[in-house]
Amino acid sequence: MLTGCSNLNEPITSNSTGFWDHVVLWNFSRFILWLASLAGNSSGWAIVIFTVIIRVILLPLNWFQIRSMNKQMEIQPQMKALQEKYSAKDTDTQQTLREETQKLYKEAGVNPVAGCLPLLVQLPVMFALYQAIYKTSELRNGSFLWMQLGKADPYYIMAILAALFTFLATYISSLSQPNQNGTTKMMTYIMPIFIFVPALTFPSAITLYWVVTNAFQVLQTLVLQNPFKYRRKQREKAEKERERQRKIRKAKKRVYKNRK
């Protein structure tokens, strides 16, 4: 709603009025220009540094999200049992299922909306970044590598990288979630397309932001969740369970033979 009140054709200055223009966009613009002055007057490197700063600020939220996701995975057997117990589609049964699910979430300390928080915080940041760049001539006319930041990448390299890192971020995260439904698995392959198509025409500054954000997400997932370690532990756990079941079967066979 606030972004809709801003006139994109009106440059941002210290005299700009309104909360969005005067407080948000003006300060975003000044901060990025200050970062550029530290990075050899490079607006591109300023955006890279700015993106990393935002991701570091969001780390507590991401850690909260990861903890909630891990807890949610731990209660998957109980969730499946509830869904089987209340499988009828009538209104009363489905209401009971929702109540029991909420009770299970509360007991396990799971917040089902935790996964949305980092995204909800990033959206206004991305809108502000886009408008701050577009309404600041120094940033809009700035260049980085082969790109002009205010225009789309002419070689589509950033769009490809944005889609690639989006796929890697979602795919690596999915490795620690073995019981995904079909929709979740499909989103792993659809999300990169949703990023790639608009990135073809978006200003290079925004696609640069997407690339750095998702590259950071990949590293964050590897460090904080380490899905490969998780899958190894799951295989070891499954092997121990199979071994336990084998011992039980052998014990039952011995008891059966002794009775004979």
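Residues numbered from 1 in each chain as written. Predicted model: local features only at pLDDT ≥ 70, side-chain atom pairs only at ≥ 80, totals over all residues. Heavy atoms only, no water.

Q: Help me out: how do you make sense of the environment of His-22 in this one?
A: Examined against the element boundaries, His-22 turns out to sit in helix H1 (residues 19-38). Classification of His-22 by relative accessible area gives partly exposed; the value is 35%. Ignoring sequence-local partners within four residues, the contact set of His-22 consists of Ser-14, Ser-16, Thr-17 and Asn-27. (Helix = DSSP H or I, 4+ residues; strand = E, 2+ residues; numbered from the N terminus. Buried < 20%, exposed > 50% of the residue type's maximum accessible area, 1.4 Å probe, protein only. Contact = heavy atoms within 4.5 Å.)

Q: I keep staring at H1 and nothing clicks. Help me out?
A: An α-helical turn contains 3.6 residues, so a residue and the one three or four places further along point in the same direction. For H1, built from 20 residues, the straight-helix expectation of 28 Å at 1.5 Å per residue is met to within 8% by its first-to-last C-alpha distance of 28 Å. If you look at H1, its biggest bend is around 30 degrees, right at Leu-25. Of the residues trailing H1, Gly-40 is marked for its positive phi of about 70 degrees. (Expected span 1.5 Å × (residues − 1). Bend = angle between axes of the 7 residues up to and from the residue.)

Q: How do you make sense of a positive patch on the surface when you look at a structure like this?
A: On the surface, a cluster of positive charge is made up of Lys-247, Arg-249, Lys-250, Lys-253 and Arg-254. Secondary-structure assignment places Arg-249 in helix H11 (residues 227-259). (Patch = residues over 30% accessible without salt bridge, like charges linked within 9 Å, V, L, I, M, F, W, Y side chains within 5 Å. Areas by Shrake-Rupley, 256 points an atom, 1.4 Å probe, with all protein chains shown as cover. Salt bridge = Lys/Arg side-chain N within 4 Å of Asp/Glu carboxyl O. Lys, Arg positive; Asp, Glu negative; His and termini not counted. Charge placed at Lys NZ, Arg CZ, Asp CG, Glu CD.)

Q: So what exactly am I meant to see when it comes to a nonpolar patch on the surface here?
A: A surface patch of nonpolar side chains, amounting to about 700 Å² of accessible area, comprises Phe-31, Trp-34, Leu-38, Trp-45, Ile-49, Ile-53 and Ile-57. Elements represented by at least two residues in the nonpolar patch include exactly H1 and helix H2 (43-57). Counting residues per element, the nonpolar patch draws most heavily on H2, which supplies four residues. Inspection of the secondary structure assignment puts Leu-38 in helix H1. Under the relative-accessibility criterion, Leu-38 is labelled exposed at 58%.

Q: What exactly am I supposed to notice about unusual backbone geometry here?
A: Across the chain, the bulk of peptide bonds are trans and the bulk of non-glycine residues have phi less than zero. The backbone of Leu-145 sits at a positive phi, close to 55 degrees, despite the residue not being glycine. Here Leu-145 is to be found in the loop between strand E1 (143-144) and strand E2 (147-148). Its identity is not glycine, yet Tyr-156 carries a phi of approximately 60 degrees, on the positive side. Topologically, Tyr-156 is positioned in the loop between E2 and helix H8 (157-174).

Q: So what exactly am I meant to see when it comes to the UniProt feature "transmembrane region" (unreviewed entry) in the protein chain here?
A: Under the present numbering, the feature "transmembrane region" (unreviewed entry) in UniProt falls on residues 44-64, 113-134, 154-174 and 186-202. Secondary structure across residues 154-174 comprises 86% helix and 0% strand; the distance between its end C-alpha atoms is 33 Å. Regarding residues 186-202, the helix share stands at 82% and the strand share at 0%, and the terminal C-alpha atoms are separated by 25 Å. (UniProt positions renumbered as here; feature names shortened; annotations may be inferred.)

Q: Would you mind going over the packing of H8 against helix H10 (residues 204-224) with me for this structure?
A: Angle between the axes and distance between the axes are the two parameters that describe a pair of packed helices. Taken N-terminus to C-terminus, the directions of H8 and H10 make an angle of 25 degrees; their axes are 8 Å apart at the nearest point. Classified by the angle between their axes, H8 and H10 sit roughly parallel to one another. Judged by the sense of rotation from one axis to the other, the crossing of H8 with H10 is left-handed. Here Met-158, Leu-161, Ala-162, Phe-165, Thr-166, Leu-168, Ala-169, Ile-172 and Ser-173 of H8 lie close against H10, whose contacting residues are Thr-207, Leu-208, Trp-210, Val-211, Asn-214, Ala-215, Gln-217, Val-218, Thr-221 and Leu-222. When its residues are assigned to classes, the contact of H8 with H10 shows 13 nonpolar, six polar and no charged. (Axes fitted to C-alpha atoms, helices over the stretch in contact; angles between N-to-C directions. Parallel < 35°, antiparallel > 145°, perpendicular 65-115°, else oblique. Left-handed = near helix turned anticlockwise from the far one by under 90°. Nonpolar A, V, L, I, M, F, W, Y, C, P; charged D, E, K, R; others polar.)

Q: Help me understand helix H5 (residues 91-108), please; the structure alone is not making it clear to me.
A: Taking 1.5 Å per residue as the helical rise, H5 with its 18 residues ought to reach 26 Å, and the 26 Å between its terminal C-alpha atoms agrees with that figure. Those residues of H5 not exposed but buried are Thr-93, Gln-94, Leu-97, Thr-101, Leu-104 and Tyr-105. Around the axis of H5, the buried residues are gathered within 110 degrees of arc, so they sit on the same side. Of the exposed residues in H5, those oriented more than 90 degrees away from the buried face are Thr-91, Asp-92, Lys-106 and Glu-107. A positive backbone phi angle near 75 degrees is found at Gly-109, which sits one or two residues after H5. (Arc of directions from axis to C-beta.)

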